[in-house]
Amino acid sequence: MVIPRDEKLRITQRVHAKWSAIYDDRDDAEANDAYFKMYEEAMAEAEEKYKDRPANS
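Residues numbered from 1 in each chain as written. Predicted model: local features only at pLDDT ≥ 70, side-chain atom pairs only at ≥ 80, totals over all residues. Heavy atoms only, no water.

Undergrad: For this particular structure, what's the right way to read the pattern of salt bridges?
TA: If the charged atoms of two oppositely charged side chains come close together, the side chains can form a pair. As enumerated under the stated definition, the model contains 6 salt bridges in all. A salt bridge links D28 to R26, with the nearest nitrogen and oxygen atoms 2.9 Å apart. Among the residues examined, D28 registers a relative accessible area of 30% and is labelled partly exposed. Of the charged contacts in the structure, one is a salt bridge between E30 and R26, with a shortest N-O distance of 3.0 Å. Looking at R26, the relative accessible area reads 33%, which means it is partly exposed. Taken together, the shared-partner salt bridges in this structure form one network comprising D6, E7, R10 and R14. (Salt bridge = Lys/Arg side-chain N within 4 Å of Asp/Glu carboxyl O. Buried < 20%, exposed > 50% of the residue type's maximum accessible area, 1.4 Å probe, protein only.)

Spelled out as structure tokens, the structure:
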């Protein structure tokens, strides 16, 4: 199972936009933890979506 590179980029952009709307430019542990949690959840959804996709497609 491989998540396409362009999909990973879209996920990163969406997560960052959502995080920025909530946390603005905060640079503390709570904001950082929230970002990584949001990112991990988004990547888990993508992994589920692409779980049956062969690595070379």
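Let us keep going from here.
Undergrad: Help me out: how do you make sense of the layout of surface pockets in this one?
TA: In this structure, the largest pocket encloses a volume near 210 Å³. Lining the largest pocket, in full, are E7, I11, R14, V15, K18, M38, E41, A42, E45, A46, K49 and Y50. Where the lining of the largest pocket is concerned, the elements lending two or more residues are helix 1 (5–23) and helix 2 (29–49). Broken down by element, the residue count for the lining of the largest pocket peaks at 6 residues, all from helix 2. Looking at the lining of the largest pocket residue by residue, the class counts come to 6 nonpolar, no polar and 6 charged. (1 Å grid on protein atoms, 1.4 Å probe; cavity = no way out; pocket = protein on both sides within 12 Å on 5 of 7 lines; lining within 4 Å. Points joined across faces, edges and corners; volume = space filled by probe spheres on them. Helix = DSSP H or I, 4+ residues; strand = E, 2+ residues; numbered from the N terminus. Nonpolar A, V, L, I, M, F, W, Y, C, P; charged D, E, K, R; others polar.)

Undergrad: Sorry if this is basic, but what is going on with the environment of Y23 here?
TA: On the secondary structure map, Y23 appears in helix 1. Classification of Y23 as buried rests on a relative accessible area of 16%. Along the chain, Y23 and D33 lie 10 residues apart, while their C-alpha atoms are 11 Å from each other. Setting aside chain neighbours within four positions, we find Y23 in contact with E30, A31 and A34. (Contact = heavy atoms within 4.5 Å.)

Structural measurements only, silent on function.
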